[in-house]
Amino acid sequence: MISDIQIFTEDEKKYFMQEALKEAQKAYDNEEVPIGAVVVKDKEIIARSFNQRELQQRAVDHAEVCVINLANEYVGNWRLTDCAMFVTIEPCVMCAGAIGLARIPQIYFGATNAKFGAVSSLYQILEDTRLNHRVQVESGILQEECSKIMQMFFKARRKN
């Protein structure tokens, strides 16, 4: 069941995705896969993070999991029922599961992930009617910018 939905204008969506892109740039600068995420409550960013698997040497430190943990601390609850997440790339299976478990009612992502995407590409976990929590999903926000940073990262990696 979708709970507290926030209504965002197109400009607000772009603004929050630009903030997620700033986090992706931090990941890029730290030689991490450049994915960034922010959690928004009452149209204010309450948490921001980026992929940190290499920095923390923890397999689960994807941007989405890191930002959920920070948002949980901020609100003092594991449920994020009145929040929205903006993430640069379509979440993987683990991250889609974490979004559902955190009860986040809406997610916005920039670019799809044909190899690992679990929101619309390979699976549709967040909208699966067999699960007890479904999430409103919108994709394509600043898609070109979100794709470009990933392409630059992997192009540089292939050169090395």
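An unreviewed UniProt entry lists the protein chain under the name tRNA-specific adenosine deaminase, with Floricoccus tropicus as the source organism. For the protein chain, the Sequence similarities (unreviewed entry) comment in UniProt is given as "Belongs to the cytidine and deoxycytidylate deaminase family. ADAT2 subfamily."

Draft legend 1. Focus on helix α3 (residues 63-75). End to end, α3 covers 18 Å across 13 residues, agreeing with the expected 18 Å (1.5 Å per residue, within 8%). On its buried face, α3 is in contact with β1 (36-41), β2 (44-50), β3 (83-89) and α4 (93-101). Taken from the residues just after α3, G76 is the one with a positive phi, measuring 75 degrees.

Draft legend 2. Region of the structure containing the pairing of strand β4 (residues 106-111). Burial within β4 is extensive, with six of its six residues counted as buried. Examined bridge by bridge, β3 and β4 share five bridges and lie parallel to one another. What sits directly across from A84, in β4, is Q106. Crossover β3 to β4 through α4 is right-handed. Across four bridges, the pairing between β4 and strand β5 (residues 136-139) is parallel. Bridging from a neighbouring strand, Q106 pairs with Q136 of β5.

Draft legend 3. Representation of the packing of α3 against α4 within the structure. Running from amino to carboxyl end, α3 crosses α4 at an angle of 20 degrees, the nearest separation of the two axes being 9 Å. Between α3 and α4, the crossing angle belongs to the class labelled roughly parallel. Here α3 runs over α4; the crossing is left-handed. Taking contact as the criterion, the partners of E64, V65 and I68 in α3 are, on α4, M94, C95, A98 and I99. Counted by class, the contact of α3 with α4 contains six nonpolar, no polar and one charged residues.

Draft legend 4. A look at the UniProt feature "binding site: Zn(2+)" (unreviewed entry) in the protein chain. Taking the UniProt record as the reference, the feature "binding site: Zn(2+)" (unreviewed entry) is found at H62, C92 and C95. For this annotated set, covering 34 residues, all C-alpha atoms fall within 9.3 Å of each other, a compact arrangement in space. Topologically, C92 is positioned in the loop between β3 and α4. Here C92 falls in the buried class, since its relative accessible area comes to 15%.

Draft legend 5. Structural context of the side chain of E64. Within the secondary structure, E64 sits in helix α3. Not counting chain neighbours up to four residues away, the residues in contact with E64 comprise M85, V87, I89, P91 and C95.

Draft legend 6. Main features of the UniProt feature "domain: CMP/dCMP-type deaminase" (unreviewed entry) in the protein chain. The feature "domain: CMP/dCMP-type deaminase" (unreviewed entry), as annotated in UniProt, sits at residues 11-138 in this numbering. The distance from the first to the last C-alpha atom of residues 11-138 is 14 Å, and the span holds 35% helix and 23% strand.

Draft legend 7. Spatial organisation of the nonpolar core. By size, the foremost hydrophobic cluster in this structure holds 47 residues, and its most contacted members are M17, V39, I68, M85, F86 and I99. For this core, the secondary-structure elements that each account for two or more residues are α1 (10-29), β1, β2, α3, β3, α4, β4 and α5 (143-159). Contacts of I99, omitting those with residues within four sequence positions, involve I68, M85, P91, I104, I107, L126 and V135.

What counts as what
- Residues numbered from 1 in each chain as written.
- Predicted model: local features only at pLDDT ≥ 70, side-chain atom pairs only at ≥ 80, totals over all residues.
- Heavy atoms only, no water.
- UniProt positions renumbered as here; feature names shortened; annotations may be inferred.
- Helix = DSSP H or I, 4+ residues; strand = E, 2+ residues; numbered from the N terminus.
- Expected span 1.5 Å × (residues − 1).
- Contact = heavy atoms within 4.5 Å.
- Buried < 20%, exposed > 50% of the residue type's maximum accessible area, 1.4 Å probe, protein only.
- Pairing = 2+ DSSP bridges.
- Right-handed = clockwise from strand over helix to strand, strands pointing away.
- Axes fitted to C-alpha atoms, helices over the stretch in contact; angles between N-to-C directions.
- Parallel < 35°, antiparallel > 145°, perpendicular 65-115°, else oblique.
- Left-handed = near helix turned anticlockwise from the far one by under 90°.
- Nonpolar A, V, L, I, M, F, W, Y, C, P; charged D, E, K, R; others polar.
- Core = buried A, V, L, I, M, F, W, Y, C linked by side-chain atoms within 4.5 Å.

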